[in-house]
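# Summary of the model geometry
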Amino acid sequence: MERENFGSKIGAVLAAAGSAVGLGNVWRFPIETGQNGGAAFIIIYVLCIILLGLPIMISEFLIGRHTHANTAGAFRIISNGSPWKWVGRMGVFTGWFILCYYVVVGAWTMHYTFLSAINAFYDVPAKQYEDVFNNFVSNPWLPTFWLFLFIGVIHYVITRGVRSGIEKSAKLMMPTLFIITIFLAVCSVSLPGASLGIEFLLKPDWSKVNSTTILDAMGQAFYSLSLAMGCLCTYASYFDKKTPLAKSAVNVAFIDTLIAIMAGFIIFPSVFNIGMNPNEVGVGAGLTFVSLPNVFQQALGNGSFLAVIFSSLFYFLLFVAALTSAISLHEVATAYVTEEFKMSRRNGATLVTVSILVLGTLCSLSFGPLSDVKLFDRNIFSLFDDLSGRVLLPLGGMLISIFAGWVLDRQLYREEISNGGDLRTPYFKVLIFALRYIAPLAIGLVFLDQIGVFNLIPH
Ligand code: TRP
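Residues numbered from 1 in each chain as written. Predicted model: local features only at pLDDT ≥ 70, side-chain atom pairs only at ≥ 80, totals over all residues. Heavy atoms only, no water.

So, on to the overall build of the protein chain. Per the secondary structure count, the protein chain includes 20 helices and 0 strands. Against the globule reference of 23 Å for 459 residues, the protein chain gives a C-alpha radius of gyration of 21 Å, in line with a compact fold. Referenced to the eigenvectors of the C-alpha coordinate spread, the extents of the protein chain come out at roughly 65 × 50 × 45 Å. Burial statistics for the protein chain: of 459 residues in total, 59% are counted as buried. A separation threshold of at least 6 residues defines the contact pool for the protein chain, and within that pool the share at least 24 residues apart is 82%. Just so you have it, the protein chain exposes about 18,400 Å², and 65% of that area is on carbon and sulfur atoms. Of the charged side chains in the protein chain, 28 are positive and 26 negative, and the gap between their average positions amounts to 10 Å. (Helix = DSSP H or I, 4+ residues; strand = E, 2+ residues; numbered from the N terminus. Rg over C-alpha atoms; globule rule 2.2 N^0.38 Å. Buried < 20%, exposed > 50% of the residue type's maximum accessible area, 1.4 Å probe, protein only. Contact = heavy atoms within 4.5 Å. Areas by Shrake-Rupley, 256 points an atom, 1.4 Å probe, with all protein chains shown as cover. Lys, Arg positive; Asp, Glu negative; His and termini not counted. Charge placed at Lys NZ, Arg CZ, Asp CG, Glu CD.)

Turning to helix H5 (residues 71–78), a few remarks are in order. Along H5, 6 of the 8 residues are buried, which leaves the element largely enclosed by surrounding structure. Turning to H5, its buried residues are Thr71, Ala72, Gly73, Ala74, Phe75 and Ile78. For H5, the N-terminal capping position is held by asparagine 70, with its side-chain oxygen 3.0 Å away from the main-chain nitrogen of alanine 72. (Polar contact = N/O pair within 3.5 Å; in protein donor to acceptor, adjacent residues only side chain to side chain.)

The predicted structure's coordinates, where accompanied by low pLDDT, should not be read in detail. Residue-level pLDDT values for the protein chain average 93, and 99% of them are 70 or greater. Per-element confidence in the protein chain ranges from a low mean pLDDT of 72 for helix H20 (residues 453–456) to a high of 98 for helix H8 (residues 142–159). (pLDDT = per-residue confidence, 0-100.)

With that settled, the discussion passes to the nonpolar core. Of all hydrophobic cores here, the largest spans 154 residues; its most connected members are Phe6, Met57, Phe61, Phe150, Phe314, Ile327 and Tyr413. Discounting chain neighbours no more than four positions away, the residues touching phenylalanine 314 are Val26, Leu184, Ile266, Thr288, Leu292 and Phe296. (Core = buried A, V, L, I, M, F, W, Y, C linked by side-chain atoms within 4.5 Å.)

So, about the site of the ligand. Lining the immediate environment of the ligand, one finds 17 residues, of which Gly24, Tyr102, Tyr223, Ser226 and Met229 sit closest. A distance of 2.9 Å is found between an oxygen atom of the ligand and a backbone nitrogen or oxygen belonging to glycine 24. A distance of 3.2 Å is found between a nitrogen atom of the ligand and a backbone nitrogen or oxygen belonging to serine 224. Looking at the shell around the ligand, the elements with two or more residues in it are helix H1 (9–20), helix H2 (23–27), helix H6 (85–117), helix H11 (211–224) and helix H15 (305–340). The leading source of residues in the shell around the ligand is H2, at 3 residues. The class makeup of the residues in the shell around the ligand is 10 nonpolar, 7 polar and no charged. (Near = heavy atom within 4 Å. Nonpolar A, V, L, I, M, F, W, Y, C, P; charged D, E, K, R; others polar.)

This model, assessed by the stated rule, comprises 7 salt bridges. One salt bridge connects arginine 65 with glutamate 416, and the closest N-O pair in it is separated by 3.0 Å. Here the residue arginine 65 occupies a position in helix H4 (residues 39–67), and glutamate 416 occupies one in helix H18 (residues 410–417), the gap between them amounting to 351 residues. Classification of arginine 65 by relative accessible area gives buried; the value is 4%. Under the relative-accessibility criterion, glutamate 416 is labelled buried at 13%. (Salt bridge = Lys/Arg side-chain N within 4 Å of Asp/Glu carboxyl O.)

Let us now look at the packing of H6 against H15. For the pair H6 and H15, the least separation of the axes is 8 Å and the interaxial angle reads 160°. By the angle between their directions, the pair H6 and H15 is classed as roughly antiparallel. Read as a crossing pair, H6 and H15 show a hand that is left-handed. Considering only residue class, the contact of H6 with H15 consists of 19 nonpolar, 9 polar and no charged. (Axes fitted to C-alpha atoms, helices over the stretch in contact; angles between N-to-C directions. Parallel < 35°, antiparallel > 145°, perpendicular 65-115°, else oblique. Left-handed = near helix turned anticlockwise from the far one by under 90°.)

Let's shift gears to the state of the cysteines. Applying the stated rule across the entire model yields 0 disulfides. Looking at cysteine 233, it has no disulfide partner, and the nearest cysteine sulfur is the one in cysteine 231, 9.9 Å off. We classify cysteine 233 as buried; its relative accessible area is 1%. (Disulfide = S-S within 2.5 Å.)

Following this line, the structure appears as structure tokens:
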């Protein structure tokens, strides 16, 4: 069967950027930045992107493009069937695992877009936003309805194929996302009191930087760039021979970081405008679905036209960001089952979709009817979230960097990143050094931190 390719370089970069730009950019990065020393954190974050993120991203691109196979197949081919092939299989598994809970949040963004658009937040007292959210997520039907719709959209795009599904949708959605982000940031920045918010986000405060900050920055860089789960490897398997790997990686990392910083310009000026303490807004779901709806209503005028437009666009932005990331995760699994088990794309995609419908529903119901089902003191949703983000992600990243730095043939590496000698690669030595020494060590530390080893040491 003929394997599809992306039709253009820009399409390839936008698709990969679509994978990278996701919920992490909006609901974690701005808060982490504000609380960890503003510009000081951004500088550390960018260093992590350069020293760890880019080398691993380039390696994933390389493995995917060289083999033109799904992630499990790619690692099997490139490792000549040695035990390193398990790294690929693990990536596929983890990507699928992330997808199961990621779609739940994607569904919430749809519901909140809808609520914003019908002006449902008009006159909701500040204290009741938490109830609004809790009542929604614990409802057995409503989140499930949106979940099925969200997964339905992913399924539609995936079955259209690489070029007319993934690439075409990325070319439409990424510019849309960019325009909405700029519009919202400009609106927020022009609110009275916005400068305090900008100061909170950008003023460098090195006194807040400690070892935990650095570990956080590394973890965030990893998650945000969609590394170690086969996403970029799978997408790169659709790159053609002329796509410049290093340059594409730099573009993807740049777009991802830019959107993350701009998300901070959307959030903090509004938070400061209403005189709220940024340390109380929370992170993740609490920030996005409890604090922000309230912040937007108050900053832009309760029930006003502007508030409706602003918050509808904000949740729609989150929806688009989550959707493109979810599509990339779905593609990892779809490419895997289609190629490894020789199925048609339609059947492979359907199999993956059915599996995430089932597991996604379980994750979703763990906020309501299934909230008592617990393992290691976590509900099903947190279990999926923690296991993939804290354990499998850093482990995968570490193994990929070791594999790329120590095992992979140097000559092959050079051939690929120079596109067979066409491109100059003055950064080659630095890249290999980062892969061999810096990345495995740094990610090893993140891993130990994430599984809580450092908390056992008294300090
Ligand atoms: N990068 C996305 C975000 O910022 C999430 C994501 C998509 C992801 N694919 C991934 C994270 C693969 C880790 C690995 O929300």
